[in-house]
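Spelled out from the first residue to the last, the chains are:
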Amino acid sequence: MQAGDVEAEAWVEYQSGELVGMVRCALIKGVQRAESIQDFTEVCNYVEKEFTKFTQPKPGLVRFLDSRVPHYQTVPVDKFPKDMYDKLYDYQKESVRRLVEEMDGRGLLSLDMGKGKSATAAFVASCYSKEDILIVTPKSTLINWKQEFKRWVNVDCNIIKDTKKGPGECSNCIISYDSAKMNEQILDHPWKVVIFDESHHLKNPNTIRTKALLKIAKGARSVLMLSGTPRIKCNSELYTQICPLVKDPKSILGSYHEFTERYCSARYVYSYGGRKVWELGKSRFNSELNALLSRVMIRMVDDTNNNSANLPSKTRTIHEFSLTDEHVLHKLASLEHELSEAEDRNEKNQLILEKCRVTAKAKVPYVFSWCLEWLKENPEEKLVVFAQSVAVILAIQSLFESSGLSCASIKGDTPMTKRQAIIEHLRAPGDLKYRVGVLSYGTCSLGITLCPGCYTAVFLELVFTSITHEQSENKLHRVGATRPVSIHYFVATNSSDNMLLSVIQSKTNTNAQVLDRKRRRLVFDTK
């Protein structure tokens with residue numbers, strides 16, 4: 001094989017170790033070893049062929065994106081309760097219009113947290129039916145959905161908690177994800193409208209929950225996916241949320257493996273022990289995925305350029321400090337040394353998590369000191385502290401209580417009735433039964449509103465999932481807030497916090513590229 005001038009020049013770079021790009025990646029990964037310029041030229045041709053093939057989207061997707069936006073029907077506004085429909089914000093009315101007229105009742109409603117997704121969904125559902133409506137939602141929001149449907153469209157719904165109980169006389173049902181997957185009467189009922197609240201719970205196509213619930217969606221006249229955070233960690237999470245919304249998902253999206261190979265750099269690898277595993281990698285083709293989402297998703301995120309709900313301002317402040325405890329610093333240094341020598345991925349992950357735990361515990365006295373001063377300066381205000389681990393939650397709660405401050409915490413083992421009572425006290429203006437609420441990310445990320453009673457939040461721990469922080473912030477900054485909201489992040493500069501903050505910013509940016517087609521970072525003021 002005669003080598004061309006381009007290959008000859010690249011061959012020199014390859015020999016000197018300066019070659020970069022796809023050809024070098026192909027060589028390094030063992031696609032083909034180049035012992036001569038002829039071998040090297042074959043690799044170049046191979047990469048060009050594979051790259052050309054891979055960069056072409058599926059023909060079904062091209063046809064879908066090139067097709068005109070359809071018009072299915074006009075929104076029957078005259079059938080809505082006029083006094084309630086008039087209370088919707090303009091962006092909610094536009095969402096109803098697009099879901100009915102352009103998407104034929106099958107869409108992903110991705111309004112920002114606290115911007116009225118449930119009210120919007122109630123009006124869309126009533127366009128298609130006022131009976132045989134199924135709402136699948138996290139357990140913490142069952143009662144809220146019953147109240148919202150009755151309030152906005154005057155439709156009664158039953159809450160189903162028993163895994164053996166069916167629709168009954170009232171054919172509209174609200175059920176949790178965990179109960180729905182085991183309730184045969186719910187799974188077999190011919191539903192006309194199906195609403196999946198917090199639809200990212202269906203992100204894994206291999207779980208019993210996802211397989212069972214997506215079967216329900218196939219026969220429904222209208223399917224609504226609701227999530228302010230449809231993508232949390234990876235593009236793969238969008239596959240099962242898009243499939244029920246398009247007529248021919250296989251031709252548009254391909255199989256799950258094809259979808260993740262294209263948009264998540266997925267590939268087979270051999271794990272420890274020799275087992276073959278389908279591993280997800282970095283996100284790619286984000287613009288193409290965003291174009292697809294624009295045909296099935298309604299997205300609205302409030303930022304400095306878009307405040308459709310006319311919310312008051314939100315300010316994030318970083319409080320940077322250095323840890324000084326010698327024992328803690330020695331422990332962190334020891335973990336860092338172990339991390340540098342670890343080879344197994346699971347071992348590395350465990351060491352990183354341990355560094356985060358040590359850092360969080362060491363930050364408690366610093367955060368408590370600031371909170372104590374703030375509470376003294378604002379005697380009529382309440383403060384919310386967000387944390388991750390139970391040990392940290394108990395440690396700072398103990399410090400507040402030993403200082404004579406009324407403090408309540410919500411964590412995984414807090415009974416539902418007690419959680420609701422604590423939340424009611426925190427969000428009630430002027431109610432100072434609890435000056436401080438210490439809340440776990442895991443138990444308080446969904447279905448909770450803290451305004452108009454709380455307007456200041458402290459983030460003691462940082463976590464890897466950027467969406468978790470934004471969800472927690474929006475417990476205070478949402479429809480109903482009447483005053484500016486202050487968010488305070490505490491960052492120990494000589495700890496794992498710097499790494500976590502970098503990860504949070506990177507994931508925030510990737511999410512924005514996929515969902516909003518723009519770059520975005522969390523904006524901080526530094527103290």
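As the structure is a prediction and not an experimental result, all values here were calculated from the model.

What counts, and where the lines are drawn
- Throughout, a residue's number is its position along its own chain's written sequence, starting from 1.
- Note on the predicted model: pLDDT of at least 70 is required for a residue's local features to be given, and 80 or more for side-chain atom pairs to be given and counted; whole-chain, interface and lining totals, by contrast, use all residues.
- Side-chain measures here rest on the full set of heavy atoms in the structure, leaving out hydrogens and waters.
- The helix count covers DSSP runs of H or I at least four residues long, the strand count covers runs of E at least two residues long, and both are numbered beginning at the N terminus.
- Throughout this description, buried means an accessible area under 20% of the type-specific maximum (1.4 Å probe, protein chains only), exposed means over 50%, and partly exposed covers the range between.
- By definition, residues are in contact when any of their heavy atoms lie within 4.5 Å.
- Methods summary: accessible areas were calculated by the Shrake-Rupley approach with a probe of 1.4 Å, and residue burial reflects only the protein chains presented.
- When a carboxyl oxygen of Asp or Glu is within 4 Å of a side-chain nitrogen of Lys or Arg, the pair counts as a salt bridge.
- In protein, a polar contact means a hydrogen-donor-capable atom and an acceptor-capable atom, both N or O and within 3.5 Å, with residues adjacent in sequence counting only if both atoms are side-chain atoms; elsewhere, any N or O pair within 3.5 Å suffices.
- Strands pair, by our definition, only if DSSP identifies at least two bridges between them.
- When the strands point away from the viewer, a crossover counts as right-handed if the route from the first strand across the helix to the second turns clockwise.
- Aromatic pairs are defined between Phe, Tyr and Trp rings, using the six-membered ring for Trp, whenever the two ring centres lie within 6.5 Å; interplanar angles under 30 degrees are classed as stacked, those over 60 as edge-to-face, and all others as tilted.
- Each patch is built from residues lacking any salt bridge and having more than 30% relative accessible area; the joining distance is 9 Å for like charges and 5 Å for nonpolar side chains (Val, Leu, Ile, Met, Phe, Trp, Tyr).
- Charge counting follows a simple rule: Lys and Arg are positive, Asp and Glu are negative, and His as well as the terminal groups are ignored.
- One atom stands in for each charge, and that atom is NZ of Lys, CZ of Arg, CG of Asp or CD of Glu.
- A fitted line through C-alpha atoms represents every axis, and for helices the fit uses only the stretch in contact; the resulting angles, taken between N-to-C directions, go from 0 to 180 degrees.
- Handedness of a crossing is defined here by the sense of rotation of the near helix relative to the far one, left-handed for an anticlockwise turn of less than a right angle and right-handed for a clockwise turn.
- Gly is put with the polar residues, along with every residue not named as nonpolar or charged; the nonpolar set is Ala, Val, Leu, Ile, Met, Phe, Trp, Tyr, Cys and Pro, and the charged set is Asp, Glu, Lys and Arg.

Per the secondary structure count, the protein chain includes 22 helices and 16 strands. Counting the 527 residues in the protein chain, one finds 51% classified as buried. Here the analysis covers contacts within the protein chain between residues at least 6 apart in sequence; of these, 71% occur between residues at least 24 apart. When the accessible surface of the protein chain is totalled, it reaches about 25,300 Å², and 50% of it is carbon and sulfur.

This brings us to the pattern of salt bridges. According to the stated counting rule, one finds 21 salt bridges in the structure shown. The closest approach of N and O atoms between arginine 262 and glutamate 288, which form a salt bridge, is 2.8 Å. You can see arginine 262 sitting in helix H14 (residues 256-263) and its partner glutamate 288 sitting in helix H15 (residues 286-296), a full 26 residues away along the chain. For the pair arginine 262 and glutamate 288, a shared accessibility class is recorded, and that class is buried. A cluster of three or more residues bridged by salt bridges with shared partners is formed by Glu94, Arg97, Arg98, Glu101 and Glu102.

Take the side chain of aspartate 497 next. Looking at where aspartate 497 falls in the secondary structure, it is placed in helix H22 (residues 497-516). A polar atom in the side chain of aspartate 497 sits 2.9 Å from the backbone nitrogen of alanine 492. With residues up to four places along the chain from it excluded, the contact list for aspartate 497 reads Thr359, Lys363, Leu462, Phe490, Val491 and Ala492.

Cis geometry is adopted by the peptide bond preceding proline 452, which originates at cysteine 451 and carries an omega value of 10 degrees. By the element assignment, proline 452 lies in the loop between helix H20 (441-444) and strand S14 (456-459). With a phi angle near 55 degrees, aspartate 132 is a residue other than glycine that sits in the positive phi range. By secondary structure assignment, the location of aspartate 132 is in the loop between helix H7 (117-128) and strand S2 (133-137). Its relative accessible area of 13% is what places aspartate 132 among the buried residues. With phi around 55 degrees, phenylalanine 285 is a residue other than glycine that occupies positive phi space. Topologically, phenylalanine 285 is positioned in the loop between strand S8 (276-279) and H15. When its relative accessible area of 25% is taken as the criterion, phenylalanine 285 is described as partly exposed.

Our next topic: helix H21 (residues 466-473). The buried count for H21 comes to eight of eight residues, which makes it a mostly enclosed element. Listed as buried for H21 are Ser466, Ile467, Thr468, His469, Glu470, Gln471, Ser472 and Glu473. Packed against the buried residues of H21 are strand S10 (314-321), strand S11 (383-387), H20, S14, strand S15 (485-492) and H22.

The next subject is the pairing of strand S13 (residues 436-440). Counting buried positions over the five residues of S13 gives five, a clear majority of the element. Every second residue of S13 is oriented toward a common face, with Val436, Val438 and Ser440 on one face and Gly437 and Leu439 on the other, all of them buried. By the bridge criterion, five bridges tie S11 to S13 in an arrangement that is parallel. Following the sheet pairing, phenylalanine 386 is matched in S13 by leucine 439. Sheet topology places strand S12 (residues 407-410) next to S13; four bridges connect them, and they run parallel. Within S13, the position partnered with cysteine 407 by the bridge is valine 436. Traced from S12 through helix H19 (residues 416-427) to S13, the parallel crossover comes out right-handed.

Attention now moves to the packing of aromatic side chains. Pairs of aromatic rings are described using the distance from one ring centre to the other and the angle between the two planes. Considering all chains together, one arrives at 17 aromatic pairs under this definition. Relative to tyrosine 256, the ring of tyrosine 239 has its centre 5.6 Å away and its plane inclined at 70 degrees; by these criteria the two rings are edge-to-face. Residue tyrosine 239 is located in helix H12 (residues 239-242), and its partner tyrosine 256 is located in helix H14; the two are separated by 17 residues in the primary sequence. Ring plane angle 10 degrees and centroid distance 4.5 Å describe the contact between phenylalanine 459 and tyrosine 489, whose orientation is recorded as stacked. Pair noted here: phenylalanine 459 is in strand S14 and tyrosine 489 is in strand S15, with a separation of 30 residues, a long-range link.

Let us look at a positive patch on the surface. Together, Lys211, Lys215, Lys218 and Lys250 make up a positively charged patch on the protein surface. Assignment of secondary structure puts lysine 218 in helix H11 (residues 208-219). According to the relative accessible area criterion, lysine 218 is exposed, its value standing at 71%.

Now for the sheet that holds strand S3 (residues 158-160). The strand order across the open sheet formed by seven strands is S3-S4-S2-S5-S6-S1-S9, and the pairing between neighbours is parallel. Unpaired on one side and paired on the other, S3 and strand S9 (297-300) mark the two borders of the sheet. With strand direction ignored, the average angle separating the axes of adjacent strands in the sheet is 15 degrees. Note that S2 and strand S5 (residues 193-197) share four bridges and pair parallel. For leucine 134, the partnering residue across the bridge sits in S5 and is valine 194.

Right, let's get into the packing of helix H6 (residues 90-102) against H7. Relative to each other, H6 and H7 sit at 35 degrees, their axes nearing to 9 Å. H7 is crossed by H6, and the crossing has right-handed handedness. For the pair formed by H6 and H7, the contact residues are Gln92, Ser95, Val96, Leu99 and Val100 on the first element and Ala119, Thr120, Phe123, Val124, Cys127 and Tyr128 on the second. Class assignment of the residues belonging to the contact of H6 with H7 gives a composition of eight nonpolar, three polar and no charged.

Taken by themselves, the reported measurements are silent on function.
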